[in-house]
Structures are given as structure tokens and as C-alpha cells.
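One letter stands for each residue in the lines below.
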Amino acid sequence: MLVVLAIDALEYALVEKYQCENLKQKYYGKTNISEFSQPRTMVLWSSFMTGENKEKEILKLGDKEMWNKQFDIKETFFFNFQDPKIIDLPGFSYDKKQHEEERELLKAYFATDSPEEKTKIRNDYNAHAFSHHRKIKTEFLEALEGNYDFVLGYFSVADVIGHLNFGNNLMMKMIYKDLDEIAGAIKHNFIVLSDHGMKAIGQFGDHSEYGFWSTSFKDINNPKITDFSKIIVGMM
Ligand SMILES: [Zn+2]
């Protein structure tokens, strides 16, 4: 079994700061996403799974419609596996309802001027994201016990929580420790991959212009996100 721990907005600097040894593995570094005009989640995961730069194709769909995009397995490198399990990946097996609710709450947060209302929305938003995270974590840990030849688990918690709480050091540290614990539970060869990291904009977080990768088996330097399909298929 090959495993990809796909983490949205896992920030290189925070992996270092919080000393997440399981996430770092033996070799780790930044991925190069400079070929893209902006670090957009949907664009980057689409490009990862197809091995091609999908920025034009995805941005053309528009901000709302892009989240409905679903690639056929034949367009992705997952097709190389007999029995792959792909959990919650944007552009493939994404829980649209869950993530739509997140984006609605985020919009509502910035739309109101009332501090009480902001606090209430932030609490709902965080609770919603953490409950989804626990569900995905359970599903991922169960899949690791199965007979799949490839398992990919996509974890959105660092991105979703980070957007509203990046200045909350305690909360971010707790998330990174949890993600590190998940990495520690994987007993197969695995790749950790993020689409982009996150930088502080006051108390909020915005996407940074590089991703994160790690492996236990090979130093891959400064790969592009479109290089991973070949790297992973080459490991089979
Ligand atoms: Zn993202």
C-alpha cells in the first residue's frame, strides 16, 4: 500500500516551529507552485492528480462552479492502481455540502460588523470544521487497515481553521500536533503533500506561495505539484 497524506495549507514554517517530526519524515521541503498565478486549492489538487497544470481550465469555471468539478479517474494517476481509496479530495471525491457550508459561514463572518455575531459565526465555523476533521481522520485510519493498494486522505482542517484563526497559536499548534499524530499512525511508505502553506494577515490566514512535501525514501528537492503523479506511480 502506498499512502498520500494530503493536507491543505500545511505550512512549512509551522511544521518546523511545532517540531512535527512525523510530518517531516526523513526528507522534506517546499513544493514549487510558481507556475500558477495564485495558490488556489482547487487548481492545485486538480493539477496534482492529473499531472498537468489545470489553472486555466479550473479558473474558467468561476469561483462557485469550480467546486463542482469532478475529474474522471481515467484522467488521473489513480487509474494506475487496482483498488485506490481517495478520501474527500477536491476535484475527485470531495464532500461538496460540507465545504459549501464552510464557505457560507466564512462569507457571513466577513459580512457582519457585529462583534457578537462574529464570535458566534466563528464558533459555528470552527465546530463544523473540527467535526468534519474527526470524521475524515476515522475514515483514513480505517482505510490504512484495509486491502487498498493506494490510500489518499485529504485533510482540510489547517486551511479552514487557519483562515479565521491563524493568529491563535494554541489552536494552530493543536491542529499540527493532531496531523503529526495521524502521520505517525501510517505504517506504510507515504508522502505528505500540501497544495500551499499559510501566512498571517493579522489574526487571519491567507495562502502562501509554496507547498510542503516529505518522504521517508527520497530527497526530491523542490518538486512541482505536477511532478507527484510520476513520483508516486514510479514507487509502485
Ligand atoms: Zn488549499
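Computed from a predicted structure; not experimentally measured. (Residues numbered from 1 in each chain as written. Predicted model: local features only at pLDDT ≥ 70, side-chain atom pairs only at ≥ 80, totals over all residues. Heavy atoms only, no water.)

Peer 1: How would you sum up the overall build of the chain? Please name residues and give values.
Peer 2: Helix and strand counts for the chain stand at 9 helices and 8 strands. Rg of the C-alpha trace for the chain: 17 Å, near the compact-globule value of 18 Å for 236 residues, within the 12% margin. Once the C-alpha set of the chain is aligned to its principal axes, its extents read approximately 55 × 40 × 35 Å. Relative to its 236 residues, the chain shows a buried fraction of 51%. Pairs at least 24 residues apart make up 72% of the contacts formed inside the chain by residues separated by at least 6 positions. As displayed, the chain offers around 10800 Å² of accessible surface, 49% of which is attributable to carbon and sulfur atoms. Here the chain contributes 29 positive and 36 negative side-chain charges, whose respective centroids are spaced 2 Å apart. (Helix = DSSP H or I, 4+ residues; strand = E, 2+ residues; numbered from the N terminus. Rg over C-alpha atoms; globule rule 2.2 N^0.38 Å. Buried < 20%, exposed > 50% of the residue type's maximum accessible area, 1.4 Å probe, protein only. Contact = heavy atoms within 4.5 Å. Areas by Shrake-Rupley, 256 points an atom, 1.4 Å probe, with all protein chains shown as cover. Lys, Arg positive; Asp, Glu negative; His and termini not counted. Charge placed at Lys NZ, Arg CZ, Asp CG, Glu CD.)

Peer 1: Got a sec to walk through the coordination of the zinc ion? Specific residues and values, please.
Peer 2: Coordination of the zinc ion by the protein involves D8 (OD), D8 (OD), T41 (OG1), D195 (OD) and H196 (NE2), with metal-donor separations of 2.0 to 2.6 Å. Counting residues between consecutive donors of the zinc ion along the chain gives the motif D-x32-T-x153-D-H. Residue T41 is located in helix α3 (residues 41–50), and its partner D195 is located in the loop between β5 (190–193) and β6 (198–201); the two are separated by 154 residues in the primary sequence. Here the two residues T41 and D195 agree in accessibility, since each one is buried. (Donors = N, O, S within 2.8 Å, 3.2 Å for Na, K, Ca; no water.)

Peer 1: Lay out the packing of helix α5 (residues 96–111) against helix α7 (residues 157–165) with the relevant residues and their values.
Peer 2: One way to put it is that α5 packs onto α7 with a least axis distance of 11 Å and a crossing angle of 5 degrees. Taken together, α5 and α7 sit at an angle that is classed as roughly parallel. Along the contact surface, α5 presents E102, L106, Y109 and F110, while α7 presents V160, H163 and L164. Across the contact of α5 with α7, the residue classes break down as 5 nonpolar, 1 polar and 1 charged. (Axes fitted to C-alpha atoms, helices over the stretch in contact; angles between N-to-C directions. Parallel < 35°, antiparallel > 145°, perpendicular 65-115°, else oblique. Nonpolar A, V, L, I, M, F, W, Y, C, P; charged D, E, K, R; others polar.)

Peer 1: Requested: an account of the layout of surface pockets, with residues and values cited.
Peer 2: Estimated volume of the largest pocket: approximately 660 Å³. If you trace the largest pocket, you find 26 residues lining it, with R40, D63, W67, R103 and L106 closest to the centre. Those elements that provide at least two residues to the lining of the largest pocket are α3, α5 and α7. For the lining of the largest pocket, the element with the highest residue contribution is α5, accounting for 8 residues. Along the lines of polarity and charge, the residues of the lining of the largest pocket split into 10 nonpolar, 6 polar and 10 charged. (1 Å grid on protein atoms, 1.4 Å probe; cavity = no way out; pocket = protein on both sides within 12 Å on 5 of 7 lines; lining within 4 Å. Points joined across faces, edges and corners; volume = space filled by probe spheres on them.)

Peer 1: Would you mind going over the sheet that holds strand β2 (residues 27–32) in detail, with residue names and values included?
Peer 2: If you walk across this open sheet you meet the 6 strands as β2-β8-β5-β1-β4-β3, and the pairing is mixed. The sheet is open, and its two edges are formed by β2 and β3 (84–87), each paired on a single side. The mean angle between the axes of side-by-side strands here comes to 15 degrees, regardless of whether they run parallel or antiparallel. Inspection of the sheet shows β2 paired to strand β8 (residues 210–215) by 6 bridges, in the antiparallel sense. (Pairing = 2+ DSSP bridges.)

Peer 1: Lay out the packing of aromatic side chains with the relevant residues and their values.
Peer 2: Aromatic rings in a pair are described by how distant their centres are and how their planes are angled relative to each other. Enumeration over the complete set of coordinates arrives at 17 aromatic pairs. Ring geometry for W45 versus F48: centroids 5.6 Å apart, planes at 90 degrees, classification edge-to-face. Of the two residues, W45 and F48 are both situated in helix α3; the distance of 3 residues between them amounts to about one turn of the helix. Per residue, the accessibility class of W45 equals that of F48, and both read buried. With 4.5 Å between their ring centres and 20 degrees between their planes, F81 and F150 make a pair best called stacked. Of the two residues, F81 sits in the loop between α4 (55–59) and β3 while F150 sits in strand β4 (residues 150–155), which places them 69 residues apart along the sequence. Its relative accessible area of 8% is what places F81 among the buried residues. Directly above the ring of W67 sits R103, whose terminal nitrogen or CZ lies 4.1 Å from the centroid. (Phe/Tyr/Trp six-rings, centres within 6.5 Å; stacked < 30°, edge-to-face > 60°. Lys NZ or Arg CZ within 6 Å of the ring centre and 35° of its normal.)

Peer 1: How would you explain unusual backbone geometry if you had to name every residue and give the values?
Peer 2: A positive phi angle, close to 65 degrees, is found at A9, a residue other than glycine. With respect to the element layout, A9 can be found in the loop between β1 (2–7) and α1 (12–17). Backbone geometry places Q19, a non-glycine residue, at a positive phi of 50 degrees. In this structure, Q19 sits in the loop between α1 and α2 (21–24).

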